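Listed below are the residues making up each chain.
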Amino acid sequence: MVQITINGKQMEVPEGTTVLRAAEMAGIHIPRLCDHKELTPYGGCRLCIVEVQGVRVPMASCTLPVNNGMVVNTETEALKKSRKFVLSMLFSERNHFCPFCQVSGGDCELQNAAYQEEMTHWPIQPGWNNFPVDTSHPYFVFDNNRCILCRRCVRACAEMAGNFTLSVAERGAKSMIVADTDIPLGESSCIKCGSCVQVCPTGAIIDRTSAYQMRDRDLTEVKSICNGCSVGCSIKIMVRDNRIVRIEGDWEGSVNHGVLCEFGRYNAANESRKRITTPMMKKNGKLEPVSWEEALKAVSAKLTPLASDEDGIAAIASTRLSAETLTAFKDLFAGNQLVTSLEEGMPSASVMKFAEKQGTFEGKLEVLRTADTVMCIGANVGNTHMVAGFIFKRNMPKGTRVINIDPQEDALDDVASLKLKNKSGSDLALILGLQAIIVKEGLERRPMSIPDVDARIDEAVRATAISLDNLSQAARVLANSITPVILFGKGITGQRDENLVEELYKLAVLVGAVDSERAGLISVKGETNSLSAALLGLDQIFELNGQKAVYAAIGDSFVSKSIVERLSKAPYLVVQASYESKLTEQADVVFPVTVWSEQEGTFINLDGHIQKTTKVINAPETVRDNLAVISELAVQMNISLNSNWKEAILARKSSVALN
Amino acid sequence: MNKPKIASDWMCGCAGCHMSLLDMDERILKIVELANLRATPITDLKEPDESGVDVGVLEGGINNSANEEVAQKMRQRSKVLVALGDCAVFGGVPAMRNLCGVQEALQRAYVDAESNEPGSQIPNDPELATMQQTRAVHEVVPVDYNVPGCPPDADTIFYILAELAQGRKPELKNELLHWH
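In this text, all values refer to a predicted model and were calculated from it rather than measured experimentally.

Cut-off values and rules
- Residues numbered from 1 in each chain as written.
- Chains lettered and ligands numbered in written order.
- Predicted model: local features only at pLDDT ≥ 70, side-chain atom pairs only at ≥ 80, totals over all residues.
- Helix = DSSP H or I, 4+ residues; strand = E, 2+ residues; numbered from the N terminus.
- Rg over C-alpha atoms; globule rule 2.2 N^0.38 Å.
- Buried ≥ 20, exposed ≤ 12 C-beta atoms within 10 Å, placed from the backbone.
- Contact = placed C-beta atoms within 7 Å.
- Nonpolar A, V, L, I, M, F, W, Y, C, P; charged D, E, K, R; others polar.
- Pairing = 2+ DSSP bridges.
- Domains from an automatic or database assignment.
- Axes fitted to C-alpha atoms, helices over the stretch in contact; angles between N-to-C directions.
- Parallel < 35°, antiparallel > 145°, perpendicular 65-115°, else oblique.
- Left-handed = near helix turned anticlockwise from the far one by under 90°.
- Core = buried A, V, L, I, M, F, W, Y, C linked by C-beta atoms within 7 Å.

Engineer: Requested: an account of the overall build of chain A, with residues and values cited.
Structural biologist: Counting its regular elements, chain A contains 20 helices and 27 strands. The C-alpha atoms of chain A give a radius of gyration of 28 Å, which matches the 26 Å a tight globule of 659 residues would have. Each principal axis of the C-alpha distribution contributes one length, and for chain A these read about 85 × 70 × 50 Å. Split into buried and exposed, the 659 residues of chain A put 52% on the buried side. Of the contacts formed within chain A by residues at least 6 apart in sequence, a portion of 69% connects residues at least 24 apart.

Written out as structure tokens, the structure reads:
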């Protein structure tokens, strides 16, 4: 601990703390523009200057580490004058005329700083130079005229998304934020995560969908969990008049710390499917609107006699539904044999099976933060579960190596230190081969007897069609790492082979990814509530064999062609859905239900965080909650939904610790 | 009658700041009580008294030789000069044409705009004032008080005028200070 005095206030702070953070701890606000608590200090705007006793000139507090006995003043007359000068220089640089700016009136940190310093004007007029405005991006507009070159966006791009698209070109007054090699943003390597929009302190980067609609103070901020995938990022939903205006990453979020991917940030804005608002029933071969009473009565009349017949009803649910809903769904069809999820256990069945034998073996996403090598196998984190990818991509300049193994194309290939494109279906041979190479070269961290080492290596080279050199290189990089992590996904689990997971686990033990202290083996799973569905055992393959009716609770999910095709064989089909689709077209009865933002519930993310989502907006009046529909149907069918979701979920051994 | 005299004028602005002045409603009677309202765009007198006024208020920026004259005259005849509104303080919306230059702006407005009759041309009557780069008042004459806002609130204007009329020095901050 280090002693420091700020504005006469004595305090102790940990060594390495910056003066700015120390002041914050003491409740003293120092104005700043380039500083952001989630980004590396940069010292660019000079607004956070403070006086340090014994130092001749004012110092930027955001980059100044505390020293023992340091005496700091943040509010002297000289500092106020200097700050005003710094601000007038910033205003004079480009076009900072407030009346026609989207963020003016409360949302602009530059303007707010000027008000705080009680600036009534700027003494030096701008140079009237035009800077480029880039409108090529689908989600935001980049106006260099409003830019103060604080480089928050550049740092967010690198340190949050790990994408390194934005940088600064030219020098001095000509400095300009550019994408890649100064190409339009819309054509650049940008992955559209929108982190730069969220951190921009001025109106330089503005969100297309919400721009010029209202100020932040007119919005209600509701915290919730993203419904995009099993990563389960914390989000802040900005709402007005029962409408989602914008979605932002929640800085307090324990999983994502403020970062989101394109889907998470813009899915509400991108939703273009047609909403179903009334119950419908097929009459004379055509779906006709009916009342809830009529629809529920017809369905219960049809399903009640089949409820206790093992092969009477087949039921399939979306893994985007809450744990409460999935538990009720399972209870409702307890008498039937084929009760599963839209994912059919692809992301989890083999993992859960292995967990029954091995116990909890998966690690937390946290381990990715300190990983020096990440091997992704069939994980596809360049395209899905992207935030999991961000966690290690951002460390690549610090030396983190990424090995991407996937027969399919993946956006991660572009940045991976090593990519292996094995032949599809050769994953087991590849994993066994890597184990064998490590043992043969004596690189294993833990002794393990591997039979037929040479034969395995030969087989790996043959089956994967990857050269021995490349395989060996991957094996060496992995084995020589200090904190390796192995990330796997549907490419592996989709094969429903428990053996694959087991061999991957062995490889993880061999290279020290998994030992008594670390658990560096993680499966990315599937949709938002993939893990809950797996723990509830909703993981069978959906294959109809003579069932007389099918109940599909798909909520707001997209349904794959293959499922639609298999469901077309259903003699009687009830669909509980929010949007019109090929599936609802072929249904006999359609129940209109809430979408993710209109309901609350519990979701378990890929590394076992039990999280609650919030009801953000009200559904149309004729639409009912997913859980409510199942409960009402249960009442009509005289089936009691007794199970407590928590008990039901905890009944099965989980592959990852729940918390 | 020894009440302080207030005069105002407008230049390259939209009259919105004077509208906002009128927005103070019945409080204008309070101002009249405290001060002698002389030449303003909304009273009959057209020029500030030659003998001088205590407070001169200017709305709008300076964008031609006529504006320049108005600004000079107001400065010469006022003890205290107030720049009222974003155009007077910063140049405001009219200053946006500085980004393309006077010629291009005139060409666009009088010739190229879709709504113009074919064959329209830029007015060139020698009696017209000469167009210049748009400037804030403080770029042309010294200003004592800058009151930003597009427009400044009636509350802000009332506060400024009332304080000045009573010989005090107004301090713009918190709710009264905004640039938009």
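Having put the structure on the table, let's press on.
Engineer: Can you explain the interface of chain A and chain B? Please cite residues and give values.
Structural biologist: At the interface, 13 residues of chain A touch 21 residues of chain B. Its residues assigned to classes, the side of chain A that touches chain B shows 5 nonpolar, 7 polar and 1 charged.

Engineer: Summarise the environment of Arg-94 of chain A; cite the residues concerned and give the values.
Structural biologist: Residues and elements named next belong to chain A. Mapped onto the secondary structure, Arg-94 falls in the loop between α2 (77-93) and α3 (109-116). When the C-alpha positions of Arg-94 and Thr-209 are compared, they lie 25 Å apart, and in sequence the two are 115 residues distant. Leaving out residues up to four positions away in the same chain, Arg-94 has contacts with Pro-126, Phe-131, Asn-145, Arg-146 and Cys-147.

Engineer: Break down the pairing of strand β16 (residues 313-317) of chain A for me, citing the residues and quoting the values.
Structural biologist: Residue and element names in this part refer to chain A. Across the 5 residues that make up β16, a large majority, 5, are buried. The side-chain alternation of β16 yields two buried faces, one formed by Ile-313, Ala-315 and Ala-317 and the other by Ala-314 and Ile-316. Direction of pairing for β16 relative to strand β23 (residues 549-555): parallel, over a ladder of 5 bridges. Looking at β23, one finds that Ala-315 is bridged to Tyr-551. As judged from the 3 bridges shared by β16 and strand β17 (residues 339-341), these two strands associate in the parallel manner. Bridge pairing in β17 places Ile-316 opposite Thr-340.

Engineer: Go over the domain arrangement of chain A with me, naming the residues and quoting the values.
Structural biologist: A common way to express how large an interface is: the accessible area buried when the components associate. Residue and element names in this part refer to chain A. Domain annotation of chain A identifies domain 1 (2-75), domain 2 (124-270), domain 3 (280-345 + 530-650) and domain 4 (349-523). The C-alpha-based centres of domain 2 and domain 3 are spaced at 37 Å. With 15 residues of domain 2 at the contact, the number on the domain 3 side is 15 residues. Counting residues per element, the ones that place at least two in the side of domain 2 that touches domain 3 are β11 (220-225), β12 (234-240) and β13 (243-249).

Engineer: Report on the packing of helix α11 (residues 427-440) of chain A against helix α12 (residues 453-464) of chain A, specifying residues and quantitative values.
Structural biologist: Helix-helix packing: each pair is described by the crossing angle between the helix axes and the interaxial distance. All names here are of chain A. At a minimum axis separation of 8 Å, α11 and α12 run at an interaxial angle of 140 degrees. In terms of orientation, α11 and α12 fall into the oblique class. Crossing of α11 against α12: the hand is left-handed. Facing α11, whose interface residues are Ala-429, Leu-430, Leu-432, Gly-433, Ala-436, Ile-437, Val-439 and Lys-440, α12 presents Val-453, Arg-456, Ile-457, Glu-459, Ala-460, Ala-463 and Thr-464. Among the residues making up the contact of α11 with α12, the classes are represented as 10 nonpolar, 2 polar and 3 charged.

Engineer: Hey, could you go over unusual backbone geometry for me, with residue numbers and the actual values?
Structural biologist: Look at the link from Cys-150 of chain B to Pro-151 of chain B: it is a cis peptide, with omega at -5 degrees. Its place among the elements puts Pro-151 of chain B in the loop between β7 (145-147) and α6 (154-165). Phi at Asn-7 of chain A is positive, roughly 50 degrees, even though this residue is not glycine. Structurally, Asn-7 of chain A is set in the loop between β1 (2-6) and β2 (9-13). Overall, the presence of 14 C-beta atoms within 10 Å leaves Asn-7 of chain A in the partly exposed class. If you check the backbone angles, Asp-25 of chain B has positive phi at about 55 degrees while not being a glycine. By the secondary structure assignment, Asp-25 of chain B is in the loop between α1 (16-22) and α2 (27-34). On the basis of neighbour count, Asp-25 of chain B is assigned to the exposed category, with 9 C-beta atoms found within 10 Å.

Engineer: Quick rundown of the nonpolar core? Include the residues and the values.
Structural biologist: Ranked by internal contacts, the top residues of the largest apolar core, which has 247 residues, are Cys-153, Cys-376, Ile-486, Leu-487, Leu-504 and Ala-552 of chain A together with Leu-58 of chain B. Residue contributions to this core peak at 9 residues, all from α11 of chain A. Ignoring sequence-local partners within four residues, the contact set of Ile-486 of chain A consists of Met-375, Ile-377, Leu-504, Leu-507, Ala-508, Ala-513, Gly-520 and Leu-521 of chain A.

Engineer: How would you explain the pairing of strand β7 (residues 140-143) of chain A if you had to name every residue and give the values?
Structural biologist: Residue and element names in this part refer to chain A. Residues of β7 alternate between two faces, with Phe-140 and Phe-142 on one and Val-141 and Asp-143 on the opposite face, all of them buried. Bridging between strand β6 (residues 133-134) and β7 involves 2 bridges; their strand directions are antiparallel. Its bridge partner being in β7, Asp-134 is matched across the sheet by Phe-142. What sits between the antiparallel neighbours β6 and β7 is a turn of 5 residues.

Engineer: Could you give an account of the sheet that holds β6 of chain A, with specific residues and numbers?
Structural biologist: All names here are of chain A. Spatially, 3 strands are ordered β6-β7-β10 in an open sheet, and the strand pairing comes out antiparallel. The sheet is open, and its two borders are formed by β6 and β10 (205-207), each paired with just one other strand. Inspection of the sheet shows β7 paired to β10 by 3 bridges, in the antiparallel sense. Within β10, the residue paired with Phe-142 across the bridge is Ile-205.

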